[in-house]
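If you want the building blocks of each chain, they are given just below.
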Amino acid sequence: MSDSLRDSRCDIGFIGAGVMGKNLILNLADNGYRVCAFDLDQGRLNALLEQDAKERGDQPARVETCNSYTELLAKVKAPHLIILSVPAGAPVDDVCNKLLDAGLKADDIVVDTGNSLWTDSVERAKRYEGKLIFFTTAVSGGEVGARFGPSLMPSGDRYAWSRIEPVWHAIAAKVDPASGQPLERFEPGNPVTEGEPCAAYIGPIGSGHYVKMVHNGIEYADMQMICEAYHVMRSALDMSPADIAAVFREWNKGPLNSYLISISAEVLATVDAETEQPLVDVILDRAGQKGTGLWTAVSSLEVGCPAPSIAEAVYARSLSTRKVLRTRAAKKLQGPAVEPIEPAKRAEAIAELHDALYCAKICVYAQGFDLMKLAAREQGWELNFAEIARIWRAGCIIRAVFLQSISDAYERDVKLSNLLLDDFFAEQIAEHQGNWRRAVADATLKGIPVPALSSALSYYDAFRMESLPANLLQGQRDFFGAHTFSRVDRPEQQKYHVQWSEPGRPVVEI
Ligand code: 6PG
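Residues numbered from 1 in each chain as written. Predicted model: local features only at pLDDT ≥ 70, side-chain atom pairs only at ≥ 80, totals over all residues. Heavy atoms only, no water.

Named according to an unreviewed UniProt entry, the protein is 6-phosphogluconate dehydrogenase, decarboxylating originating from Microbulbifer marinus. Here the protein is described in UniProt, under the heading Catalytic activity (unreviewed entry), as follows: "6-phospho-D-gluconate + NADP(+) = D-ribulose 5-phosphate + CO2 + NADPH". The UniProt entry for the protein carries the following comment under Function (unreviewed entry): "Catalyzes the oxidative decarboxylation of 6-phosphogluconate to ribulose 5-phosphate and CO(2), with concomitant reduction of NADP to NADPH." (UniProt positions renumbered as here; feature names shortened; annotations may be inferred.)

This is the structure:
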């Protein structure tokens, strides 16, 4: 085709050149897509062009910028593919409306890649129906993931997916299909093109952002459990941050291998140049949170799916922010007298912690996948859990060798009702639960909070218990509120009430 006929316009319009947006744009450019970028902040566009020029050397420019939504639509091939990387909430609608005002057409596609609340995505698809095709893709992996290979969780209109599938497959993180190991290369201009992409169509609009939300809930719990293991090693085992970094590096060679374990070792091994103290000791112990973990915990309560360790991870962040109160409480509230650990017992205690983290991690993933299952049932989504675990093997924040085992479990039984019932995971916990229990008990006796590690243990014990004390609870409810109960020796749908104030407390059928 002659150049004059070749469409000189860009392949993709991209709105939002912040940390994630800039890196996604450069990733798209590395993979041969010509991108026209727009941002209200001209400084961000200048930084993007400078980065592109620096990376491409004497190669032709791969990224253009523009100064208005109208100019963006003129510079991008039609029907337009417009990707957004803007803060969740009102900014997404603001941009959609400005694009419509600028002349966006009903067959143009807008893709929201922010951490949007999944119910907002469902509402937006309805709101813009007939005006534009609203599609979403949740992105995991932070700025490095965005730049060199994120995990992508797209959902929505199937036509939109057919348009963006090759783009997402190109820029996504890749996994070696033979080993399940990530294929990573962090070289601008030299993207990984081989391997399985960590991008797969999740389902109807909203489902992709729901899955990402649960990813973040699992992420919160994973991070919290690592912090609890650190806390025990620091406080009860009297180990230095550098010692603990070495332990985490060792753990990273086995079933706990994961991005979060590896970066935790890096944080603990880092020394603050100004004070020459371990960096972790100069970081204020007040955790931030943008909300996705909270959303997951709220959804678990709404759906009626126990996810205690995810909720405890959110509470732990909230409690950490009450620094002033905790400082006062530390002066007033007694803990147990703690004997320094005998050095000879340290290795055993570390091994117990390892197994506690491993078993609790299995329970956290069981909670997360159970939540996705119940939510999918409620929403009518058909989620492929083997595929979801597969696209989490690389690129995303919870990426880990462990995800291959989860994918294998769902391949073995596509209708697996809970990860704990998979033979492999049941055997893993059976083999390691003794150390898990000892680690949680020891931390408790030493007064060290392990809310995620211990809640996972109670989740496991309750899950495997045929008889729970909910019979007494039903009696309590009937005593004060006449809320009735079922009998074990009658059909469950038949309800009974005790006339508690009558002589003999007769049980009457309701
Ligand atoms: C990811 C991360 C990311 C996360 C932010 C803020 O998957 O890349 O989960 O989306 O939301 O890093 O996380 P907080 O909720 O901890 O602030």
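Trainee: Teacher, can you tell me more about the overall build of the protein here?
Mentor: Each helix and strand counted, the protein has 20 helices and 12 strands in total. On C-alpha atoms alone, the protein measures out to a radius of gyration of 26 Å, which is about the 24 Å that the 2.2 N^0.38 rule sets for 510 residues. Across its three principal axes, the protein shows a C-alpha extent of roughly 95 × 65 × 50 Å. Taken as a whole, the protein presents about 24200 Å² of accessible surface, with 54% of it coming from carbon and sulfur. Seen as two clouds, the 53 positive and the 67 negative side-chain charges of the protein have centres 3 Å apart. (Helix = DSSP H or I, 4+ residues; strand = E, 2+ residues; numbered from the N terminus. Rg over C-alpha atoms; globule rule 2.2 N^0.38 Å. Areas by Shrake-Rupley, 256 points an atom, 1.4 Å probe, with all protein chains shown as cover. Lys, Arg positive; Asp, Glu negative; His and termini not counted. Charge placed at Lys NZ, Arg CZ, Asp CG, Glu CD.)

Trainee: How do you make sense of unusual backbone geometry when you look at a structure like this?
Mentor: Apart from glycine, the bulk of residues carry a negative phi angle, and the bulk of peptide bonds sit in the trans form. Note that the residue after Ala-78, namely Pro-79, is joined by a cis bond; omega there is -10°. Following the sequence through the fold, Pro-79 ends up in the loop between helix H3 (69–75) and strand E4 (81–84). A positive phi angle, close to 45°, is found at Arg-505, a residue other than glycine.

Trainee: Which parts of the structure should I look at to understand the domain arrangement of the protein?
Mentor: Think of interface size as the accessible area that goes away when the parts come together; that is how it is often given. Assigned domains within the protein: domain 1 (3–204), domain 2 (209–463) and domain 3 (470–509). Here the C-alpha centroids of domain 1 and domain 2 sit 32 Å apart. Every contact between the two is made by 35 residues of domain 1 and, on the other side, 26 residues of domain 2. In total, about 2200 Å² of surface goes out of reach between domain 1 and domain 2, with carbon and sulfur atoms giving 64% of it. Three residues stand out in domain 1 for area buried against domain 2, namely Trp-118, Met-153 and Ile-202, and they jointly supply 28% of the buried area on that side. (Domains from an automatic or database assignment. Contact = heavy atoms within 4.5 Å. Buried area = accessible area lost by both parts, 1.4 Å probe.)

Trainee: Hey, could you run me through the UniProt feature "binding site: substrate" (unreviewed entry) in the protein in this one?
Mentor: With numbering aligned to this structure, UniProt lists the feature "binding site: substrate" (unreviewed entry) at Asn-115, Ser-140, Gly-141, Gly-142, His-215, Asn-216, Tyr-220, Lys-290, Arg-317, Arg-477 and His-483. On the basis of their most widely separated C-alpha atoms, the annotated residues across 369 residues do not gather in one place, lying as much as 49.2 Å apart. If you trace the backbone, Gly-142 turns up in helix H6 (residues 142–148). A relative accessible area of 30% places Gly-142 in the partly exposed class. Residues contacting Gly-142, with those up to four places away along its chain left out, are Met-20 and Ile-397. One can find Arg-317 in helix H13 (residues 308–320). (Buried < 20%, exposed > 50% of the residue type's maximum accessible area, 1.4 Å probe, protein only.)

Trainee: Explain the site of the ligand to me, please; I cannot follow it from the model alone.
Mentor: Around the ligand, 14 residues are found, and the nearest of them are Asn-115, Ser-140, Glu-219, Tyr-220 and Arg-317. Taking Lys-212, its side chain carries an N or O atom lying 2.8 Å from an oxygen atom of the ligand. One of the side-chain nitrogen or oxygen atoms of Tyr-220 is found 2.5 Å away from an oxygen atom of the ligand. Tallying contributions element by element places helix H8 (residues 207–235) first for the shell around the ligand, with 5 residues. Here the residues of the shell around the ligand sort into 2 nonpolar, 8 polar and 4 charged. (Near = heavy atom within 4 Å. Polar contact = N/O pair within 3.5 Å; in protein donor to acceptor, adjacent residues only side chain to side chain. Nonpolar A, V, L, I, M, F, W, Y, C, P; charged D, E, K, R; others polar.)

Trainee: Please explain the sheet that holds strand E1 (residues 12–15) as it appears in this structure.
Mentor: In sheet architecture, strand pairing relies on hydrogen bonds along the backbone and comes in two forms, parallel and antiparallel. An order of E3-E2-E1-E4-E5-E6-E7 is seen for the 7 strands of this open sheet, with the pairing classed as mixed. The sheet is open, and its two borders are formed by strand E3 (63–65) and strand E7 (151–156), each paired with just one other strand. This sheet shows a mean twist of 25° between the axes of neighbouring strands, independent of strand direction. As judged from the 4 bridges shared by E1 and strand E2 (residues 35–38), these two strands associate in the parallel manner. In the sheet register, Ile-12 faces E2, and the bridge partner there is Val-35. Seen against the sheet, helix H7 (residues 158–171) touches E1, E4, strand E5 (109–112), strand E6 (133–140) and E7 and runs at an angle of roughly 30° to E6. (Pairing = 2+ DSSP bridges. Axes fitted to C-alpha atoms, helices over the stretch in contact; angles between N-to-C directions.)

Trainee: Mind showing me how you'd approach the pairing of E6 here?
Mentor: Successive side chains on a regular strand alternate, one facing one side of the sheet and the next facing the other. Extensive coverage of E6 is indicated by the burial of 8 of its 8 residues. Here E6 shows two buried faces, one formed by Ile-133, Phe-135, Thr-137 and Val-139 and the other by Phe-134, Thr-136, Ala-138 and Ser-140. Across 4 bridges, the pairing between E5 and E6 is parallel. Across the sheet, residue Ile-109 finds its bridge partner in E6, namely Ile-133. The pairing of E6 with E7 spans 6 bridges and is antiparallel. Bridge assignment links Ala-138 to a residue of E7, and that residue is Met-153.

Trainee: Can you walk me through the nonpolar core in this structure?
Mentor: In globular proteins that are soluble, nonpolar side chains generally tend to be buried together. Within the largest apolar cluster, 99 residues are counted, with the highest numbers of intra-cluster contacts made by Met-233, Trp-251, Phe-369, Trp-392 and Trp-436. The dominant element in this core, judged by the number of residues it contributes, is helix H15 (residues 343–379), at 19 residues. Split by domain, the residues of this core number at least three in each of domain 1 (3–204) and domain 2 (209–463). Excluding residues within four positions of it along the chain, Met-233 makes contact with Asp-238, Met-239, Ile-244, Val-247, Phe-248, Trp-251, Ile-350 and Leu-353. Among the nonpolar cores identified, the runner-up in size contains 32 residues, and Ala-29, Ile-83, Val-139 and Ala-160 belong to it. (Core = buried A, V, L, I, M, F, W, Y, C linked by side-chain atoms within 4.5 Å.)

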